[in-house]
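Residue-level structural notes
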Amino acid sequence: MVTKRDTVNEQMRKTARNRRFHSRCFVCWKKFGKGFHFHHLWYVEGEPMYRDYSNSTDYRIAVMPYIRKNPKQFLLLCTAHHRMVEWLAKMGNVKFRRLSRARRLTQIGKKV
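Presented here is a report on the structure given in the accompanying data block. Please read all numbers here as calculations on a predicted model, not as lab measurements. (Residues numbered from 1 in each chain as written. Predicted model: local features only at pLDDT ≥ 70, side-chain atom pairs only at ≥ 80, totals over all residues. Heavy atoms only, no water.)

Quick look at the packing of aromatic side chains now. Applying the stated criterion to the full structure yields 4 aromatic pairs. Residues F21 and F38 carry aromatic rings whose centres are separated by 5.0 Å and whose planes lie at 70° to one another, so their mutual orientation is edge-to-face. Of this pair, F21 sits in the loop between α1 (4-16) and β1 (37-40) while F38 sits in strand β1, and the two are 17 residues apart along the sequence. Each member of the pair F21 and F38 is classed as buried. One aromatic cluster in this structure is built from Y50, Y53 and Y59. (Phe/Tyr/Trp six-rings, centres within 6.5 Å; stacked < 30°, edge-to-face > 60°. Helix = DSSP H or I, 4+ residues; strand = E, 2+ residues; numbered from the N terminus. Buried < 20%, exposed > 50% of the residue type's maximum accessible area, 1.4 Å probe, protein only.)

Pasting the structure below:
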C-alpha cells in the first residue's frame, strides 16, 4: 500500500532532480536521500508555512507545487545543514560576525 509519505518522498525526489538542486545538499553536496528539506529563501504571501501544519508530510504535499513553480525560492539541504541555516538565521548580525571571526581565528591559529 502506498502511503502519503511514500507519495511525497517520490515527489521530492523528482523535484530534487531539477537543475537548480542537482539532487544534492546546497552546502555539503551530499546526494539526496532521507531527511532532506527544501528551505524557503523567502516567503510569498499565501504560501504554506510549516507552522500551519500538524505534520511535515501534509506541509510537504502543500508546498511541493510552489517549489516546482519557483525553484529559485528554495534551497535543497540535508538535515544537518537545514538546522544550521535555521539556527544562523535567528542569530543577530553582531553575534554572527563574532562567530565568523572566531572561526577564522581558529583556522589560522592566532591569539586574540
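Structure's up, so let's keep going.
Turning our attention to the pairing of strand β2 (residues 74-77). Of the two faces of β2, the one carrying F74 and L76 and the one carrying L75 and L77 are both buried. Relative to β2, β1 is paired through 4 bridges, and the arrangement is antiparallel. Its bridge partner lying in β2, H39 is registered against L75. (Pairing = 2+ DSSP bridges.)

Inspection of the secondary structure puts R60 in helix α2 (residues 56-69). Among buried Asp, Glu, Lys and Arg side chains, R60 stands out as unpaired, with D58 the closest opposite charge at 11 Å. Among residues more than four places away in sequence, those in contact with R60 are V8, M12, F36 and H37. (Lys, Arg positive; Asp, Glu negative; His and termini not counted. Salt bridge = Lys/Arg side-chain N within 4 Å of Asp/Glu carboxyl O. Contact = heavy atoms within 4.5 Å.)

Our focus in this paragraph is the environment of K31. Mapped onto the fold, K31 is located in the loop between α1 and β1. Residue classification places K31 among the exposed residues on the basis of a relative accessible area of 58%. Distance in space between the C-alpha atoms of K31 and L77 is 10.0 Å, their sequence separation being 46 residues. Look past the residues within four positions of K31 in its chain and what remains in contact with it is S23, R24 and F36.

What follows concerns the nonpolar core. What tends to happen in soluble globular proteins is that the nonpolar side chains get buried as a cluster. Residues F21, F32, F36, F38, I67, F74 and L76 are the most contacted members of the largest nonpolar core, which totals 16 residues. At the level of elements, α1, α2 and β2 are the ones that each hand at least two residues to this core. Apart from the residues within four sequence positions on either side, F38 is in contact with M12, T15, A16, F21, I67, F74, L75 and L76. (Core = buried A, V, L, I, M, F, W, Y, C linked by side-chain atoms within 4.5 Å.)

Viewed as axis vectors pointing N to C, α1 and α2 meet at an angle of 25°, and their least axial separation amounts to 10 Å. By the angle between their directions, the pair α1 and α2 is classed as roughly parallel. Where α1 crosses over α2, the two elements pack in a sense that is left-handed. Residues K4, R5, V8, Q11, M12 and T15 of α1 form the contact with α2, whose own contacting residues are T57, D58, R60, I61, M64, I67 and R68. Looking at the contact of α1 with α2 residue by residue, the classes come out as 5 nonpolar, 3 polar and 5 charged. (Axes fitted to C-alpha atoms, helices over the stretch in contact; angles between N-to-C directions. Parallel < 35°, antiparallel > 145°, perpendicular 65-115°, else oblique. Left-handed = near helix turned anticlockwise from the far one by under 90°. Nonpolar A, V, L, I, M, F, W, Y, C, P; charged D, E, K, R; others polar.)

All right, on to helix α4 (residues 93-108) then. Taking 1.5 Å per residue as the helical rise, α4 with its 16 residues ought to reach 22 Å, and the 23 Å between its terminal C-alpha atoms agrees with that figure. Sparse coverage of α4 is indicated by the burial of 1 of its 16 residues. In the stretch just after α4, G109 is the one whose phi turns positive, near 75°. (Expected span 1.5 Å × (residues − 1).)

Treat this as a map of the structure, not an account of what it does.
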